[in-house]
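Residue strings, one per chain:
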Amino acid sequence: MIMSINQVGILGSGVMGAQIAAVFANANIPTLLFGYEAHVKDNLNNIINFKPKALTHPAQQSWITAASFENDLSRLSDCDLVIEAIIEDIDAKQALFKKITPHLNSEVILATNTSSLSVNQVGEKLGDFKSRFCGIHFFNPPRYMPLIELISTEETDGGILDNLEGFFTSELGKNILYAKDESGFIANRIGVFSIAACIHHAQRLSLGFDTVDALTGVKLKRPKSATFRTADLVGLDILKHVFEQFERAHTNDPWHHYFKTPEWLNTMVENRSLGEKTKGGLYKKEDGIIKAYQLESQSYIEANYDIDKSVKEILKKDTSKQLTLLKSNKHPQAQFLYSVIKDTCLYSAYHLKDIAHSTRDIDWALHWGFGWEVGIFEYWQANGVQASLALFLQDDADVSIPNWINGVVDFYTNKGAYSPSEGDYTSYSNHAVYDRQLYRPTLMGESKHKQGVTIFENDSVKFFHENDGIAIFSLKTKLHTLNLEVIDSLKQAIAISEQEFKAMIIWQDSTPFCAGANLYEIVAGAKLGMIDHQNLYTKFKKKAWQLLKPKLPNIDNLKPINEVIELLQRVLMSLKYSKIPTVAAVEGLALGGGCEMMLHCDRRV
């Protein structure tokens, strides 16, 4: 049974506190947003102006009530969950807890949203509430980032984290990881190190900020904002603060020197060039042109995202073929990528046992907290665990590696993910909330849940069921785009579902939900003159296109664009007026025709 939370209290009405309040408001949970009398109401009213938007709809703000630290602490007695989200200062947090604990009910769950401080130290003066206290670390922006890290203290009642896992998963749609009480927890510990490694090797190899971002963004299957654009978005003052915290906290870390704040970062902070919030940092926009900061001239020039051709070709290859090629390529860009990946692999392995339970925890932390498409242990395994380790040791035989790594062939197998503390592979959480999750997400190398009974399948879709009277329509195209075969298949699936099933779900086994129409087919149709008709001439051009471009997708069945659009609209109307309930299970983008498909379903989840 999922724990019921009837009211939440958020302590701190700053940007993070207000955004966390919005997460609960979006789930229709009454929330008290506490701040100082002078500005808490203004902070609440400003939520509607946040970018990206914190509220799913402006009306959701009505679920949040402003409350003051000066006059309204008694209202905390009605809260089932209270989360502190003030400045990262232990003394300030402890002083606030001392002030509010007399007003709490005995069954409350009390938490801190610290991202780097020791949860044990934050809560050491809580007295009778120690067993009710834990860390709940949301990622910014909390509406959009799916990860929440839960951190217990030495005295936290284990049932509390279990209840929170069920609640956050089912009611807020979040993904949960249990982190150990180490500075940075899991995601920030590895993610921040990856940034530090980028800074270290960029300086060593004299690469510019724009070049590093070109290398560490989408081409490496990471977010478009990459490394330094992300730093600008977060705030260079925040990055400096985190580096200083890590440098103080990890004095015995073999990579301790990586966390030394670079001089350029000190200079940027001193000059109040903090990134997005000051309209200038490592990047700034002038007359519509993105410009990147140059260390040598201390000026901005137009950003250049060009990558060396040989490096670009390596990054186009399958993940499993990249590491050796990067090491053997002597171009500074290739050496930069190899060095950053190597360091992040070794750092993650060295600290795994101290910060997490298994390799899965670190990889999901990078997926859910930093937007990486491939986790660091996934990447390592794809390139061969022992083969890659041998490459790393060729560079430095004395590099710090944990003893457990020597006997591991794979980080992921059909048995699960490797756990150094257990010396074996461990399966996913068996929490009851996941009984409702038919297909658990898996990482590269883990066994996937076998999908049920196939009704029909082709190159573009799979239509199946799980012997429960509900049909599932799933796309197989790249980015789950809508091509002609998908449209025809959806028409067929609706007809079958209306005759043989109680309902139909449109669901994909990975993101995005649907990136819209297949632009290749549309462009091909336009270039071949197939806008609203097809004749002998266009048929000849289509055949010639196929012969001249044999590596491109087959277009033998291509129809005129207007005919395809009309067919799609008819099929979407069939979906809208279907005789059975239809549900769109949405994760990720739903663009163009994909958005229409989602909207024409009876429900969206």
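Residues numbered from 1 in each chain as written. Predicted model: local features only at pLDDT ≥ 70, side-chain atom pairs only at ≥ 80, totals over all residues. Heavy atoms only, no water.

Caption draft 1: Broad picture of the overall build of the protein. Secondary structure summary: the protein contains 21 helices and 20 strands in total. What you see for the protein is a C-alpha radius of gyration of 26 Å, in line with the 25 Å of a compact globule of 605 residues. Each of the three principal axes of the protein carries a C-alpha extent, and together these read 80 × 60 × 55 Å. When each of the 605 residues of the protein is scored for burial, the buried share is 52%. Relative to all contacts within the protein whose residues are 6 or more apart in sequence, the contacts with residues 24 or more apart total 65%. As presented, the protein carries roughly 28400 Å² of accessible surface, and 50% of it is formed by carbon and sulfur atoms. Distance from the positive charge centre (62 side chains) to the negative charge centre (71 side chains) of the protein: 7 Å. (Helix = DSSP H or I, 4+ residues; strand = E, 2+ residues; numbered from the N terminus. Rg over C-alpha atoms; globule rule 2.2 N^0.38 Å. Buried < 20%, exposed > 50% of the residue type's maximum accessible area, 1.4 Å probe, protein only. Contact = heavy atoms within 4.5 Å. Areas by Shrake-Rupley, 256 points an atom, 1.4 Å probe, with all protein chains shown as cover. Lys, Arg positive; Asp, Glu negative; His and termini not counted. Charge placed at Lys NZ, Arg CZ, Asp CG, Glu CD.)

Caption draft 2: Main features of the sheet that holds strand S8 (residues 175-179). Reading across the sheet, the 8 strands line up as S3-S2-S1-S4-S5-S6-S7-S8 and stay open at both edges, with mixed pairing between neighbours. Each having just a single partner strand, strand S3 (64-68) and S8 make up the two edges of the open sheet. Here the strands of the sheet are splayed against their neighbours by 25° on average, with no regard to which way each runs. In this sheet, strand S4 (residues 81-84) lies alongside strand S1 (residues 8-11) in parallel orientation, the contact comprising 4 bridges. Note that in S4 the partner of Gly9 across the bridge is Val82. Contacts from helix H14 (residues 359-370) reach strand S7 (147-152) and S8, with the element oriented near 135° to S8. (Pairing = 2+ DSSP bridges. Axes fitted to C-alpha atoms, helices over the stretch in contact; angles between N-to-C directions.)

Caption draft 3: Geometry of the side chain of Gln19. Mapping Gln19 onto the fold places it in helix H1 (residues 15-26). You can call Gln19 buried: its relative accessible area is 8%. The residues contacting Gln19, other than those within four sequence positions of it, are Phe50, Ala54, Asn140, Pro141 and Pro142.

Caption draft 4: Representation of the packing of helix H9 (residues 236-249) against helix H10 (residues 263-270) in the model. Packing of H9 against H10 leaves a shortest axis separation of 9 Å and a crossing angle of 135°. On the basis of their axis angle, the class for H9 and H10 is oblique. Judged by the sense of rotation from one axis to the other, the crossing of H9 with H10 is left-handed. Taking contact as the criterion, the partners of Leu236, Asp237, Leu239 and Lys240 in H9 are, on H10, Leu265, Asn266, Met268 and Val269. The residue inventory of the contact of H9 with H10, partitioned by class, reads 5 nonpolar, 1 polar and 2 charged. (Parallel < 35°, antiparallel > 145°, perpendicular 65-115°, else oblique. Left-handed = near helix turned anticlockwise from the far one by under 90°. Nonpolar A, V, L, I, M, F, W, Y, C, P; charged D, E, K, R; others polar.)

Caption draft 5: Representation of the pattern of salt bridges within the structure. What the rule picks out here adds up to 15 salt bridges. The salt bridge partner of Asp395 is Lys327, with a shortest N-O separation of 2.5 Å. Here Asp395, found in helix H16 (residues 385-395), pairs with Lys327, found in helix H12 (residues 322-328); they are 68 residues apart in sequence, far enough to count as distant. The network of salt bridges with shared partners includes Glu84, Glu88 and Lys93. (Salt bridge = Lys/Arg side-chain N within 4 Å of Asp/Glu carboxyl O.)

Caption draft 6: Here's a closer look at the pairing of strand S11 (residues 299-302). Here strand S10 (residues 289-294) pairs with S11 via 4 bridges, running antiparallel. Paired with Tyr293 across the two strands is Tyr300, which belongs to S11. In textbook terms, the turn of a hairpin is the stretch between consecutive antiparallel strands, and for S10 and S11 this stretch comprises 4 residues, one of which, Gln298, has a positive phi near 50°.

Caption draft 7: Local environment of the sheet that holds strand S18 (residues 503-507). Ordered in space as S15-S16-S17-S18-S19-S20, the 6 strands form an open sheet in which the pairing is mixed. The open sheet is flanked by strand S15 (453-457) and strand S20 (603-604), the only strands paired with a single partner. With 4 bridges joining them, S15 and strand S16 (residues 461-465) adopt antiparallel strand pairing. Residue Glu457 lies in a different strand from S16, and its bridge partner there is Lys462. Sheet strands in contact with helix H17 (residues 484-500) are S15, S16, strand S17 (470-475) and S18, and its direction is about 175° off that of S17.

Caption draft 8: Region of interest: unusual backbone geometry. A cis amide bond links Lys51 with the next residue in sequence, Pro52, at an omega value of -5°. Tracing the backbone shows Pro52 in the loop between helix H2 (40-46) and S3. Cis geometry is found at the peptide bond from Thr511 to Pro512, where omega equals -5°. Looking at the element boundaries, Pro512 is found in the loop between S18 and helix H18 (519-527). Phi at Ser206 takes a positive value of approximately 55°, unusual for a residue other than glycine. Among the structural elements, Ser206 can be located in the loop between helix H6 (187-205) and helix H7 (209-216). A positive phi angle, near 55°, is found at Ala226, a position not held by glycine. Topologically, Ala226 is positioned in the loop between H7 and helix H8 (228-234).

Caption draft 9: Local environment of the packing of aromatic side chains. Scanning all chains against the criterion turns up 32 aromatic pairs. Ring centres of Phe193 and Tyr347 lie 3.9 Å apart, and the angle between their planes is 0°; this geometry places the pair in the stacked category. One end of the pair, Phe193, is in helix H6; the other, Tyr347, is in helix H13 (residues 332-355), and 154 residues separate them in sequence. For the pair Phe193 and Tyr347, a shared accessibility class is recorded, and that class is buried. Judged by centre distance (4.9 Å) and plane angle (70°), the rings of Phe209 and Trp264 are edge-to-face. With a gap of 55 residues between them, Phe209 in helix H7 and Trp264 in helix H10 connect regions that are remote in the sequence. (Phe/Tyr/Trp six-rings, centres within 6.5 Å; stacked < 30°, edge-to-face > 60°.)

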